[in-house]
Amino acid sequence: KAVVSTQSTGGFLVADELHKMLLSEESEHWEVYSEDERSEFLFLLFKLLVLGGPICQYDDTIERYLEVAKSLYKELVTVQKNTMTNQVEIASSVFKVSAWDEDICWFPGDEHAQTFCYLILDPVNRTCSALSHDFGKGIW
């Protein structure tokens, strides 16, 4: 559902209800996801993809965002079956990391919603994956 007026929130153009729901507590759809759900890694990946970067070309349908977020999540996170309960459980641990000196964030960069670094530790395969992005910094 398109919003007639557009506004800017945190450097993002809010031109539809999906962007408004992700960025503004004033959205009528903000309560669709709880704070706990909003902090889950899958939701954070989805939000990352939807909000995009400074030259992002948005998609009109949500399905592509959901498909790519799910695929990326499956690639980064390991699950295993609990032998006692026979339930599938997430084995990986996800950490958002940054390096600060007083009031300056040296890594991953400027304090922006789309600037981040996640480390995903996989105890099953004994690997560590990194997913990072510095908003507005490209190859140009």
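How each quantity is defined
Residues numbered from 1 in each chain as written. Predicted model: local features only at pLDDT ≥ 70, side-chain atom pairs only at ≥ 80, totals over all residues. Heavy atoms only, no water. Helix = DSSP H or I, 4+ residues; strand = E, 2+ residues; numbered from the N terminus. Buried < 20%, exposed > 50% of the residue type's maximum accessible area, 1.4 Å probe, protein only. Contact = heavy atoms within 4.5 Å. Areas by Shrake-Rupley, 256 points an atom, 1.4 Å probe, with all protein chains shown as cover. Core = buried A, V, L, I, M, F, W, Y, C linked by side-chain atoms within 4.5 Å. Axes fitted to C-alpha atoms, helices over the stretch in contact; angles between N-to-C directions. Parallel < 35°, antiparallel > 145°, perpendicular 65-115°, else oblique. Left-handed = near helix turned anticlockwise from the far one by under 90°. Nonpolar A, V, L, I, M, F, W, Y, C, P; charged D, E, K, R; others polar.

**Digging into the overall build of the protein chain**
Helix and strand counts for the protein chain stand at four helices and nine strands. When the elements of the protein chain are put in sequence order from the N terminus, they spell out β-β-α-α-α-α-β-β-β-β-β-β-β. A burial count over the protein chain gives 30% of its 140 residues as buried. Taking the contacts inside the protein chain whose residues are at least 6 apart along the sequence as the reference set, 39% of them involve residues at least 24 apart. When the accessible area of the protein chain is evaluated, it comes to approximately 10,000 Å², of which 52% is carbon and sulfur surface.

**What about the nonpolar core?**
Leu 18, Leu 22, Phe 46 and Val 50 are the most contacted members of the largest nonpolar core, which totals 13 residues. Looking at this core, the elements that each hand over two or more residues are strand S2 (12-16), helix H1 (17-23), helix H3 (41-51) and helix H4 (63-76). When sequence neighbours within four positions are dropped, the list of residues in contact with Val 50 reads Leu 18, His 19, Leu 22, Tyr 58 and Tyr 65. Judged by nonpolar contacts, the second largest core, of 10 residues, contains Leu 48, Tyr 73, Tyr 118 and Ile 120.

**Considering the packing of H3 against H4**
Packed helix pairs are characterised by how far apart their axes lie and by the angle those axes make with each other. As a packed pair, H3 and H4 sit with axes 9 Å apart at the nearest point and diverge in direction by 130°. Taken together, the axes of H3 and H4 lie oblique to each other. For the crossing formed where H3 meets H4, the hand is right-handed. Of H4, the residues touching H3 (which contributes Phe 41, Leu 42, Leu 45, Phe 46, Leu 49 and Val 50) are Tyr 65, Leu 66, Val 68, Ala 69, Lys 70, Leu 72, Tyr 73 and Leu 76. For the contact of H3 with H4, a count of residues per class yields 13 nonpolar, no polar and one charged.

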